[in-house]
Amino acid sequence: MRRAATTLLATLLVAAMAGCSPPTAGGQSAVDKIKARGQVNCSGSQGIPGLSRPDEKGVWRGFDSDICRAFAAAVLGDATKVQFTPLNAAQRLPAVQTGEIDVLSRTSTITFTRDMSIRFVTVTLYDSDAVIVRKSLGVTSPAGLNGKTVCMQGGGSLVETALSEAEAEYRMKVTRVYFDSTITARDTYFAGRCDAYITDGLAARSQLATVAKKPEDHALIFVGSGVEPNGIAIPRGDDRWYDVTRWTVNLLIWAELNGVTQANVDEMAKSGPEQVRRLLGGDPAYGKALGLDPRWAYNVIKQVGNYKEIWNRNLGDDTPIKADRRLNRLYTEGGLMFPFPWD
Amino acid sequence: MALTVSGPPGLARPSRGVVRRVDLLAQAAAIAVVLVVLGVILATTRYNLSARGIQLGLDFLVERAGFTVAETLLPYDPGDSVLRAMWVGVTNSLFVSIVVGVASTILGVLVGVCRLSPNPMVAGLARVWVEGVRNTPPVLLLIFLYSLWWQVAPSDHAVALAPGVLASIRGLAVPKVTTPWSGMDLLLLAVLAGGLAWLVARPPRAARAMPRPFLAGAAIAVTALAALMLGLDGRAGIILPRAEGATLASGAVLTPELFTILFGLTLYTTGFIAEVVRGGIEAVPKGQWEAARALGLGEASVLRLVVLPQMLRVVIPPMTSQYVNIVKNSTLALAVGYTDFLTIMGTIINKTGHAIEGTVLIVVVYLCINLTISTALNLYNARIAMRGGR
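Residues numbered from 1 in each chain as written. Chains lettered and ligands numbered in written order. Predicted model: local features only at pLDDT ≥ 70, side-chain atom pairs only at ≥ 80, totals over all residues. Heavy atoms only, no water.

1. Examining the packing of aromatic side chains
Residues and elements named next belong to chain A.
Then, in step 1: Applying the stated criterion across every chain, the model contains 20 aromatic pairs over all chains.
Then, in step 2: An aromatic cluster of at least three residues, connected via ring pairs, comprises W247, W254, Y286, W296, Y331, F338, F340 and W342.
Then, in step 3: Over the face of the ring belonging to Y189 we find R134, whose NZ or CZ atom lies 4.5 Å from the ring centre.
Then, in step 4: Taking the ring centre of Y298 as reference, the NZ or CZ of R295 above it sits at 4.2 Å. (Phe/Tyr/Trp six-rings, centres within 6.5 Å; stacked < 30°, edge-to-face > 60°. Lys NZ or Arg CZ within 6 Å of the ring centre and 35° of its normal.)

Put into structure tokens, the structure is as follows:
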């Protein structure tokens, strides 16, 4: 009798435990979840200055991080309500698929295979692939890397493809050393384990500017096709969240083109051109269509700034990185950035 | 309850039959509940997966892998299939596990014996080793060793540690011995030699009349002939290591990553195995030592002939879990840049997006490896265990 009772008790316990984890509602949009939760769950990288890295106070700083803040400002009206989760290259896709993060904003190149498993929304910046190499080796082009050892992040990051392409193009062979973190790869390079370190162009520039003890000892060589379209991604099948993220990024570029800045957004909302006034809260139809507050666009620009402001704050001439905007300039200035019309 | 009570009424305890039936009923209920819970989990998972647009399937295994692997035992090319990449990862992991397993067993027995040495210096050092590694996380030890390598090894030239052994930040180079046989040839020869040795040890009835030395000679001759025929087109030689700056240009090069995982895990596991061995030795009754000494055996012979064989019975079960731990700890290779199975699976998951199948495959592969180890050692344990009252 006693054994029977124990068995029954155990069964009840199992049943109770199963009951504690109710099935998550798969049909609910991330927008509703974010509103209910009061914060946006966003990806962080493993620490690339200028793109995403926590500062001395533990606040995430960088271009990719600020894109997340723009979403928080749009949905919640408060750019600070973002929870960042640091992820490495191999962790990021599953994190989006499982809903651990609402949005991936972390130096991720848009590719066919990735877009088939998560949903890329739009390009946030055009990057390239770059090799940091010691000047003392006398390497000036990718061909000079023949027989050299290259430290890099494993886990299927796109720099690997770029390196393989360069190997085929210049009929050469390099020895690879893979790490699970691009930071470890960088440190091993700077310690002398490798002749070179390959990563994204902006990341390479930022590592040289902020981490290298003597930046003048190292040279940058660009490899691969030259363009890595980095984008933000969300889980598949969430059209509402797709609308919000896609048009929030569009807003940032639009604001730059129309000269709407953090400083003048109040004035612009009152006395700017008609289209500007409408978008900044004058016409509630925008917010209504997206399921957001009528002043969502105003909140984003007021709290985060436009594309140019985000760039300058994190990567521009005011920072040690001083990255050239190149393709990330507005189309009116010779770049590839242009906003879709708000008609 | 609609149970028929078979015993007479007024009994203080229910009869055996009743107890059994209640038990059965409870167990049936338990199974039913477990099945329902499993069903709910499965249904929820399927619902959530389809809601998130994730499709399950193993089709991706035959697709092109498309990524490079730094160090492989087997030939591998990014154009190979995902399945091939997985197999390359498994062999890399098994290689580390086997080398660490063999090395730490030998060292562990030595250190375990040293722990019991009457010499305080020897016993003390062994104790420092054991306590040191037993009380630190293995990943810390590995990262420490790996960064130690950068700090200590010269980054602009190579130093000769011994004649023919060069070390630099790029790794450790030793003379490379080239045999005229390929890996496959060596495997064939090993199988042949093993088979013949077994035949010599237990000759079939027809050959039992022949003298042992004759049989052994014949076996050696056959093996030698096979080796000669297989190796006719190859050349034997020794390639001495050579360095260009810090780059190790020739010889057999052990990269710092592989060296760290091999050395670090051996250091770590040795500590545990030494304790198992010490416990095993101490479990052998004192009378056995005294009896062996009374027979006039020297200390070394006492250990080898009397104590260690008896110790084996005690240590096999705990050793099994040590070997299983080695396989599990080999995944820490990730921290020091050596590409093991887990690293490769991470890449596959990232490239293909099949996180669920990938994770299940990881579990299945490690389960297979570890269950094989446990089963083999349990069989061995059953063979050497004391039987009956003997």
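2. Some points on the sheet that holds strand 8 (residues 175-179) of chain A
All names here are of chain A.
Then, in step 1: Read from one edge of the open sheet, 6 strands run 5-10-6-9-7-8, paired in mixed fashion. Where the open sheet ends on each side, the last strands, each with one partner, are strand 5 (104-109) and strand 8. Put simply, the sheet's adjacent strands are angled 30° from each other on average, direction ignored.
Then, in step 2: Helix 3 (residues 63-76) contacts strand 5, strand 6 (119-134) and strand 10 (218-234) of the sheet and is inclined by roughly 135° relative to strand 5. (Pairing = 2+ DSSP bridges. Helix = DSSP H or I, 4+ residues; strand = E, 2+ residues; numbered from the N terminus. Axes fitted to C-alpha atoms, helices over the stretch in contact; angles between N-to-C directions. Contact = heavy atoms within 4.5 Å.)

3. Some details on the domain arrangement of chain B
Then, in step 1: On domain assignment, one finds that chain B holds domain 1 (82-151 + 251-384) and domain 2 (180-235).
Then, in step 2: Relative to domain 2 of chain B, the C-alpha centre of domain 1 of chain B lies at a distance of 32 Å. (Domains from an automatic or database assignment.)

4. Topic: the pattern of salt bridges
Then, in step 1: If you walk through the whole model with that rule in mind, you get 23 salt bridges over all chains.
Then, in step 2: A salt bridge links D66 of chain A to R313 of chain A; its shortest N-O distance comes to 2.6 Å. In this pair, D66 of chain A sits in helix 3 while R313 of chain A sits in helix 14 (residues 307-314), placing the two residues 247 residues apart along the sequence.
Then, in step 3: Here R134 of chain B ties to E275 of chain B by a salt bridge, and the two come within 3.9 Å at their closest N and O atoms. Of this pair, R134 of chain B sits in helix 3 (residues 120-134) while E275 of chain B sits in helix 7 (residues 256-283), and the two are 141 residues apart along the sequence.
Then, in step 4: A single salt-bridge network, built from bridges that share partners, covers R115, E131, R134, E275, R278 and E282 of chain B. (Salt bridge = Lys/Arg side-chain N within 4 Å of Asp/Glu carboxyl O.)

5. What to know about a nonpolar patch on the surface
Then, in step 1: Side chains of I31, V34, L35, L38 and I41 of chain B sit close together on the surface and give an oily, nonpolar patch of about 470 Å² of accessible area.
Then, in step 2: Tracing the sequence through the fold places L38 of chain B in helix 1 (residues 16-51). (Patch = residues over 30% accessible without salt bridge, like charges linked within 9 Å, V, L, I, M, F, W, Y side chains within 5 Å. Areas by Shrake-Rupley, 256 points an atom, 1.4 Å probe, with all protein chains shown as cover.)

6. A few points about the interface of chain A and chain B
Think of interface size as the accessible area that goes away when the parts come together; that is how it is often given.
Then, in step 1: Counting from both sides, the interface comprises 42 residues of chain A and, opposite them, 41 residues of chain B.
Then, in step 2: At the junction of chain A and chain B, the tally comes to 2 salt bridges.
Then, in step 3: In this structure, the salt-bridge partner of E257 of chain B is R193 of chain A, at a minimum N-O distance of 2.8 Å.
Then, in step 4: At the junction of chain A with chain B, the criterion picks out 7 residue pairs in polar contact (both at pLDDT 80 or more).
Then, in step 5: Sorting the residues of the side of chain A that touches chain B by element identifies helix 1 (2-20), helix 4 (92-97), helix 5 (112-117), helix 6 (158-169), strand 8 and helix 7 (182-191) of chain A as the ones contributing at least two each.
Then, in step 6: With 8 residues, helix 1 of chain A is the single largest residue contributor to the side of chain A that touches chain B.
Then, in step 7: When grouped by side-chain class, the residues that make up the side of chain A that touches chain B number 16 nonpolar, 17 polar and 9 charged. (Polar contact = N/O pair within 3.5 Å; in protein donor to acceptor, adjacent residues only side chain to side chain. Nonpolar A, V, L, I, M, F, W, Y, C, P; charged D, E, K, R; others polar.)

7. Some words on the pairing of strand 1 (residues 159-162) of chain B
All names here are of chain B.
Then, in step 1: Sheet topology note: the strand 1/strand 2 (residues 165-168) ladder contains 3 bridges and is antiparallel. Of the residues in strand 2, the one forming a bridge with A162 is V165.
Then, in step 2: A loop of 2 residues connects strand 1 with strand 2, the two strands running antiparallel in sequence, and G164 in this loop sits at a positive phi of about 85°.

8. Quick look at the nonpolar core
Then, in step 1: Formed by 61 residues in total, the largest nonpolar core has its most connected members in F63, W241, L251, V260, W296 and V300 of chain A.
Then, in step 2: Residue contributions to this core peak at 9 residues, all from helix 3 of chain A.
Then, in step 3: A130 of chain A together with L265, V302 and M319 of chain B belong to the second-largest nonpolar core, a separate cluster that totals 48 residues. (Core = buried A, V, L, I, M, F, W, Y, C linked by side-chain atoms within 4.5 Å. Buried < 20%, exposed > 50% of the residue type's maximum accessible area, 1.4 Å probe, protein only.)

9. Brief notes about the pairing of strand 7 (residues 149-153) of chain A
On a regular strand, each side chain points to the face opposite its neighbour's, so the side chains alternate between the two faces of the sheet.
Residue and element names in this part refer to chain A.
Then, in step 1: Summarising burial for strand 7: 5 of the 5 residues are buried, a large majority.
Then, in step 2: Burial of the side chains of strand 7 extends over both faces: T149, C151 and Q153 are buried on one face and V150 and M152 on the other.
Then, in step 3: Pairing between strand 7 and strand 8: 5 bridges, direction parallel. Bridge assignment links Q153 to a residue of strand 8, and that residue is F179.
Then, in step 4: Summarising the sheet, strand 7 and strand 9 (residues 196-200) pair through 2 bridges and their orientation is parallel. Bridge pairing links C151 to Y197 in strand 9.

10. Focus on the environment of T98 of chain A
All names here are of chain A.
Then, in step 1: One can find T98 in the loop between helix 4 and strand 5.
Then, in step 2: Relative accessible area serves as the criterion here: at 45%, T98 is assigned to the partly exposed category.
Then, in step 3: Sequence separation between T98 and P235 is 137 residues, and the spatial gap between their C-alpha atoms is 8.0 Å.
Then, in step 4: Reaching out from T98, the side chain makes a polar contact with the backbone oxygen of P94 at a distance of 2.8 Å.

11. Some thoughts on the packing of helix 8 (residues 286-294) of chain B against helix 9 (residues 299-329) of chain B
Residues and elements named next belong to chain B.
Then, in step 1: In contact at an axis separation of 10 Å, helix 8 and helix 9 are set at 140° when each is read in the N-to-C sense. Relative to helix 9, the element helix 8 is oriented oblique. Helix 8 and helix 9 meet at a crossing whose hand is right-handed. Within the contact between the two elements, helix 8 uses Q288, W289, A292 and R293 and helix 9 uses E299, V302, L303, V306, V307 and Q310.
Then, in step 2: Taken together, the residues of the contact of helix 8 with helix 9 break down into 6 nonpolar, 2 polar and 2 charged. (Parallel < 35°, antiparallel > 145°, perpendicular 65-115°, else oblique. Left-handed = near helix turned anticlockwise from the far one by under 90°.)

12. Considering helix 6 of chain A
Then, in step 1: With 12 residues, helix 6 of chain A extends 17 Å from end C-alpha to end C-alpha; this agrees with the ideal 16 Å at 1.5 Å per step.
Then, in step 2: Residues of helix 6 of chain A that are buried: L158, V159, E160, A162, L163, A166 and E167 of chain A. (Expected span 1.5 Å × (residues − 1).)

13. Side note on the sheet that holds strand 8 (residues 252-254) of chain B
All names here are of chain B.
Then, in step 1: With antiparallel pairing, 4 strands are arranged side by side in an open sheet as 1-2-3-8. At either end of the open sheet lies a strand with only one pairing partner, and these are strand 1 and strand 8. This sheet shows a mean twist of 30° between the axes of neighbouring strands, independent of strand direction.

14. Focus: the packing of helix 4 (residues 138-152) of chain B against helix 7 of chain B
Residues and elements named next belong to chain B.
Then, in step 1: Running from amino to carboxyl end, helix 4 crosses helix 7 at an angle of 135°, the nearest separation of the two axes being 9 Å. It follows from the interaxial angle that helix 4 and helix 7 lie oblique. Here the hand of the crossing between helix 4 and helix 7 comes out right-handed. Within the contact between the two elements, helix 4 uses P138, L141, L142, L145, Y146 and W149 and helix 7 uses P256, E257, F259, T260, I261, F263, G264, L265, L267 and Y268.

15. Description of the environment of L265 of chain B
Residues and elements named next belong to chain B.
Then, in step 1: Positionally, L265 belongs in helix 7.
Then, in step 2: When its relative accessible area of 1% is taken as the criterion, L265 is described as buried.
Then, in step 3: Taking the C-alpha atoms as reference, L265 lies 8.6 Å from L141; in sequence the two are 124 residues apart.
Then, in step 4: L265 has contacts with V96, V100, L142, T260, I326, N329 and S330, leaving out every residue within four places of it along the chain.

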